[in-house]
Amino acid sequence: MDSKKVALITGGGRRRIGWNVAETLAKRGYSIALHYRTSGSEAEENVQQIVKQGGDAAAFGADLTDEKQVGTMVEQVQKRFGRIDVLVHTAALWHPKKLEEVTAADMRGFLEINTLGTFLCCQQAGLAMAKQPEGGSIVVFGDWACIRPYADYAAYFPSKGAIPTLTWTMAVELAARNPRVRVNCILPGPVMLPADLPAHEREQAIRGTLVKREGSPQNIVLAVLHFIENDFVTGTCLPVDGGRSVYAPDSDH
């Protein structure tokens, strides 16, 4: 068995938060299992970059709404690297849609990807960690705005609003099997806003923070490292939002 620690990063195909976490952990000596769903070529490129920098990495494809595929992915990661010490679950679906246009299929899509996908990954990777004497650390992602939702995301917010409860539940369940398995949650604010986000929405999001600027991927990475490295923290949800969750400059956002 490889003595290096192993991190499984979901949603790591495209160069967003998952990739930034993967790159940082690789530089810290972790072997990286990089999950993708449809971005296979991008994931392989990311793997090759880690390898060129002297790290160890491999890509694993899976539909995270399918329990058999999630279970197979976890088994493949264990077979390739020997263990799983960290799960950082960043895979998610996010896009606006007016309430009048939201369908049952939209709701199912968000709930399956954002809620069920998170559950299955925590369940399968967490139970694998529970069998390891050293346990492991799981970090999932919610959304600060679930406590003060804004318009046009009526299908999205319920799917993310379940994540804190899922975090607390998994922290209790997995600790009962191995006290060294910890589960925590990050609630991001305006970090890596989509490139196609209208300028007025971008300005509004930034104006709504106390720090008056958009966050960087490194702000999220530092929060992930905190949860991984501080072994006395579990069942916690941490806003990384520039103060957005405690500041309401506009009544409508």
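For the structure itself, consult the block above.
Residues numbered from 1 in each chain as written. Predicted model: local features only at pLDDT ≥ 70, side-chain atom pairs only at ≥ 80, totals over all residues. Heavy atoms only, no water.

## Structural notes on the overall build of the protein
Next up, step 1: The secondary structure content of the protein amounts to 8 helices and 7 strands.
Next up, step 2: In terms of its C-alpha atoms, the protein occupies a principal-axis envelope of roughly 55 × 40 × 35 Å.
Next up, step 3: By the burial criterion, 50% of the 253 residues in the protein qualify as buried.
Next up, step 4: Element-wise, carbon and sulfur atoms account for 53% of the exposed surface of the protein, whose accessible area totals about 12,100 Å². (Helix = DSSP H or I, 4+ residues; strand = E, 2+ residues; numbered from the N terminus. Buried < 20%, exposed > 50% of the residue type's maximum accessible area, 1.4 Å probe, protein only. Areas by Shrake-Rupley, 256 points an atom, 1.4 Å probe, with all protein chains shown as cover.)

## Description of unusual backbone geometry
Next up, step 1: With a phi close to 80°, aspartate 152 is a non-glycine residue in the positive phi region.
Next up, step 2: For aspartate 152, the location among the structural elements is in the loop between strand S5 (136-141) and helix H5 (156-161).
Next up, step 3: On the basis of relative accessibility, which here comes to 33%, the residue aspartate 152 falls in the partly exposed class.
Next up, step 4: Phi at lysine 212 is positive, roughly 60°, even though this residue is not glycine.
Next up, step 5: The topology assignment puts lysine 212 in the loop between helix H7 (199-207) and helix H8 (217-229).

## Digging into the packing of aromatic side chains
Next up, step 1: The tally for this structure, following the rule as stated, stands at 8 aromatic pairs.
Next up, step 2: Judged by centre distance (5.3 Å) and plane angle (25°), the ring pair of tryptophan 94 and tyrosine 153 falls under stacked. With tryptophan 94 in the loop between strand S4 (86-89) and helix H4 (104-130) and tyrosine 153 in the loop between S5 and H5, this residue pair connects regions lying 59 residues apart in the sequence.
Next up, step 3: Taking relative accessible area as the criterion, tryptophan 94 reaches 33% and is therefore assigned partly exposed.
Next up, step 4: Arranged with centres 6.1 Å apart and planes meeting at 75°, the rings of phenylalanine 110 and tyrosine 156 form a pair that is edge-to-face. Here tyrosine 156 lies in helix H5 and phenylalanine 110 lies in helix H4, a separation of 46 residues in the sequence.
Next up, step 5: By way of ring pairs, the aromatic residues Trp94, Phe110, Tyr150, Tyr153, Tyr156 and Phe157 are connected into one cluster. (Phe/Tyr/Trp six-rings, centres within 6.5 Å; stacked < 30°, edge-to-face > 60°.)

## Some thoughts on the pairing of strand S3 (residues 57-61)
Next up, step 1: The buried fraction of S3 is high, at 4 of 5 residues.
Next up, step 2: Taken together, the 5 bridges between strand S2 (residues 31-36) and S3 define a ladder with parallel strand orientation. Paired with leucine 34 across the bridge in S3 is alanine 59.
Next up, step 3: This β-α-β element, S2 to helix H2 (residues 40-52) to S3, shows right-handed connectivity. (Pairing = 2+ DSSP bridges. Right-handed = clockwise from strand over helix to strand, strands pointing away.)

## Some remarks on the sheet that holds S2
Next up, step 1: Here we have 7 strands laid out as an open sheet, ordered S3-S2-S1-S4-S5-S6-S7, and parallel in their pairing. The outermost strands of the open sheet, each flanked by one partner alone, are S3 and strand S7 (237-240). Each adjacent strand pair in this sheet contributes to an overall mean axis angle of 20°, direction not counted.
Next up, step 2: Direction of pairing for S5 relative to strand S6 (residues 181-188): parallel, over a ladder of 6 bridges. From the neighbouring strand, valine 139 faces S6, where its bridge partner is asparagine 184.
Next up, step 3: Here H4 sits on the sheet and contacts strand S1 (6-10), S4, S5 and S6; the angle it forms with S4, its principal contact strand, is near 175°.
Next up, step 4: Lying on the sheet, helix H6 (residues 163-177) is in contact with S5, S6 and S7; it crosses S6 at an angle near 170°. (Axes fitted to C-alpha atoms, helices over the stretch in contact; angles between N-to-C directions. Contact = heavy atoms within 4.5 Å.)

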